[in-house]
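Structural description and commentary
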Amino acid sequence: MPEVTVIGGGVGGMVCALLLAREGHRVRLYERLPRLGGKLAEHTRDGFTFSLGPSLLTLPGLFSDLGLELDLVELDELCRYRFADGSTLAAYRDPARMAAEVDRLAPGEGRNWLAFHDWARGCFEASRRTFFAGPLIHPLAGRGRQVGQVGLPDLLAVAPGRTLHGLARRFFTDPRLWQYVGRYATYAGSSPYLAPAALGCIPAIEHGEGGWYVSGGLPRIADALALMLEKAGVEIVLGVEVVRVLADGERVRGVRLASGERERADIVVANTDAAALYGRLLPDRRRLRRIAELGTSSSVFLLLAGVDGRTEGLAHHSIVFSADYAREFSDIFQRRRPPEDPTVYLGCSAVDDPSQAPRGAENQVMLVNVPARDPDRWPMSPEAYRDLVLERLARRGHDLSGRLRFVDLFTPADLRDRYGAWGGSIYGAACSGRFAPLRRPGNRGPRRGLYLVGGSAHPGGGLPLVTMGARIVASLVEQDFPTGSSHLTTTGGRGPGTAR
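Below is a summary of the structure that appears in this document. (Residues numbered from 1 in each chain as written. Predicted model: local features only at pLDDT ≥ 70, side-chain atom pairs only at ≥ 80, totals over all residues. Heavy atoms only, no water.)

Attention now goes to the sheet that holds strand S14 (residues 299-308). The seven strands lie next to each other as S7-S6-S15-S16-S17-S14-S18, forming an open sheet whose pairing is mixed. Edge positions in the open sheet fall to strand S7 (88-92) and strand S18 (404-410), since each of these has one partner strand only. Shown here is a sheet whose adjacent strand axes are inclined to one another by a mean of 20 degrees, direction ignored. Looking at chain direction, strand S16 (residues 344-348) and strand S17 (residues 361-370) are connected through four bridges and run antiparallel. Paired with Tyr345 across the two strands is Leu367, which belongs to S17. (Pairing = 2+ DSSP bridges. Helix = DSSP H or I, 4+ residues; strand = E, 2+ residues; numbered from the N terminus. Axes fitted to C-alpha atoms, helices over the stretch in contact; angles between N-to-C directions.)

Okay, here's the thing in structure tokens:
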């Protein structure tokens, strides 16, 4: 029976390990940190709990299909957007109600939103049949094998050659709605002026299968997966770093640990940043150069604030937009500095889950997209930038003066140091350019038995995509190293499953 080593205990690595163990493989998972979950992590202080990673679950069927039992809360209001002119837009889960809300903001644009949503549904279904269904042939795919041909109708459904901003202008005339659509580029750590229009499929997911909160915080997903790994017989090794993938010219042979020990393996699944794999674990200058040509995705700057009192009307998820979106993304991707007028994501899980903060208080997470660059090279210190973010929020109606118990910071340096993220990027390579999704590192590596999973590999970052990626990798392993019978699927995500 082939022996499998999984490097990294993020969600992609955990799901892949679980699927392979269920297929009968002997699986050992190494995680450098003392806990599993990767970026699906949390920070606690003085009775406050803050999610450091994903804060909204979509396509929950991907997890219920695995057998996870999660206590899910569906959000009626997915997000509340506040624009620089003071106007607001509540993104309701129900498409008809959302269209009416768009009409309230910008009369006449409601029918345009319905047309946009119809387009998004077509794009998402085309992506399910193609991009999400398996590996695609592209320059970084290694010894890839295409699962199926992409037909012309599916290709046209994703608006090839159009940017996300261009897609927004196709459907809407109000610049505020261009900002609203452009926000979906940040889900992939990119700019709406560079990201492909295919990211416009996200509203079909959020307004189709809904947006969900996991009681106790989304890191409970990692806890549930950890229990399932133990039941499946996966050997979990925490606090141990893999420093090398051992391979000859044809196939992998195992891994070397930081202690110098060598562990034999027939299959190695790298749930690491692809740049770290090809730069350090299995050096490959050609592949590393191709990744570098893509550039890094954006990073994040987090303010984790313990706040006294309750904010009247505060939503679970809010976006406070900048006045100049184009300038903001130029700051991030061209000038390589934190934006002077940032858009701020504001999350407060205590709105729906009182366990996340002391009575009468709030756990507010403020997130700003910034370049994947060491804060030591910023034009101002992280502390000064914290003050700028708080001042911008106060100017736009969210003033926390006199209410702050503390503000802890999480910077690109923390992403780099904790997770080995390339330059502190959130998703590895940037999703920029018309063929960006096809240029991500592939799921098969350049040696037999080497596979890539996680946010920096196909199909991309975020909980749904890394879970799809894990299913793709498990299917590839079963093709290449069959155990005799397989019940793996690659698409998953049929519905909310265990929601209650």
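The interhelical angle for the contact between helix H1 (residues 11-22) and helix H9 (residues 220-231), taken along N-to-C directions, is 25 degrees, at an axis separation of 10 Å. Comparing their axes, H9 and H1 come out roughly parallel. Between H1 and H9 lies a crossing whose hand is left-handed. Contact with H1, carried on its side by Val11, Met14, Val15, Ala17, Leu18 and Arg22, involves Ala222, Leu225, Ala226, Met228 and Leu229 of H9 and no other residues of that element. Taken together, the residues of the contact of H1 with H9 break down into ten nonpolar, no polar and one charged. (Parallel < 35°, antiparallel > 145°, perpendicular 65-115°, else oblique. Left-handed = near helix turned anticlockwise from the far one by under 90°. Contact = heavy atoms within 4.5 Å. Nonpolar A, V, L, I, M, F, W, Y, C, P; charged D, E, K, R; others polar.)

Looking now at the pairing of S16. Counting buried positions over the five residues of S16 gives five, a clear majority of the element. Of the two faces of S16, the one carrying Val344, Leu346 and Cys348 and the one carrying Tyr345 and Gly347 are both buried. Pairing analysis gives four bridges linking strand S15 (residues 317-320) to S16, with the strands arranged antiparallel. Residue pairing for S16: Ser318 is matched across the bridge by Leu346. (Buried < 20%, exposed > 50% of the residue type's maximum accessible area, 1.4 Å probe, protein only.)

Attention shifts here to the nonpolar core. Core analysis: the biggest nonpolar cluster contains 139 residues, and Phe63, Tyr81, Tyr180, Ile221 and Val269 have the highest contact counts within it. The element best represented in this core is helix H15 (residues 463-480), accounting for ten residues. Apart from residues lying up to four places away in sequence, Tyr81 is in contact with Ser87, Thr88, Leu89, Ala91, Tyr180, Tyr184, Ile319 and Phe321. Core analysis: the second largest hydrophobic core is formed by 21 residues, Leu277, Tyr278, Leu281 and Leu282 among them. (Core = buried A, V, L, I, M, F, W, Y, C linked by side-chain atoms within 4.5 Å.)

Per the counting criterion, the structure on display carries 35 salt bridges. Residue Asp223 is joined to Arg220 by a salt bridge in which the shortest nitrogen-to-oxygen separation is 2.7 Å. You can see Asp223 and its partner Arg220 sitting in helix H9, three residues apart, about one turn around the helix. Overall, Asp223 belongs to the partly exposed group, its relative accessible area being 40%. The salt bridge partner of Asp248 is Arg253, with a shortest N-O separation of 2.8 Å. When its relative accessible area of 30% is taken as the criterion, Asp248 is described as partly exposed. Salt bridges sharing common partners tie together Arg327, Asp331, Arg335, Arg337 and Glu340. (Salt bridge = Lys/Arg side-chain N within 4 Å of Asp/Glu carboxyl O.)

In spatial order, the strands read S10-S11-S12; together these three strands make up an open sheet with antiparallel pairing. Only two strands of the sheet have a single neighbouring strand rather than two, namely strand S10 (242-247) and strand S12 (262-264). Along the sheet, successive strands turn relative to each other by an average axial angle of 25 degrees, direction set aside.

The final tally for this structure, using the stated rule, is 18 aromatic pairs. Centre to centre, the rings of Tyr81 and Phe321 are 5.8 Å apart; their planes meet at 10 degrees, and the pair counts as stacked. Taken together, the residues Tyr81 in strand S6 (residues 77-82) and Phe321 in the loop between S15 and helix H12 (325-333) connect sequence positions 240 residues apart. Here Phe321 falls in the buried class, since its relative accessible area comes to 0%. Look at Phe301 and Tyr385: their rings are 5.3 Å apart centre to centre, the planes differ by 65 degrees, and that puts the pair in the edge-to-face class. Of this pair, Phe301 sits in strand S14 while Tyr385 sits in helix H13 (residues 382-395), and the two are 84 residues apart along the sequence. The ring of Phe406 carries the charged tip of Arg45 above its face, separated from the ring centre by 4.2 Å. (Phe/Tyr/Trp six-rings, centres within 6.5 Å; stacked < 30°, edge-to-face > 60°. Lys NZ or Arg CZ within 6 Å of the ring centre and 35° of its normal.)

Our focus in this paragraph is unusual backbone geometry. Looking along the chain, the bond that leaves His458 and enters Pro459 is cis, with omega of 5 degrees. Relative to the helices and strands, Pro459 resides in the loop between strand S19 (450-452) and H15. With a phi angle near 50 degrees, Asp46 is a residue other than glycine that sits in the positive phi range. The residue Asp46 is located in the loop between strand S3 (42-45) and strand S4 (48-51) in this model. Phi is positive for Arg336, close to 60 degrees, though the residue is something other than glycine. Residue position: Arg336 is located in the loop between H12 and S16.

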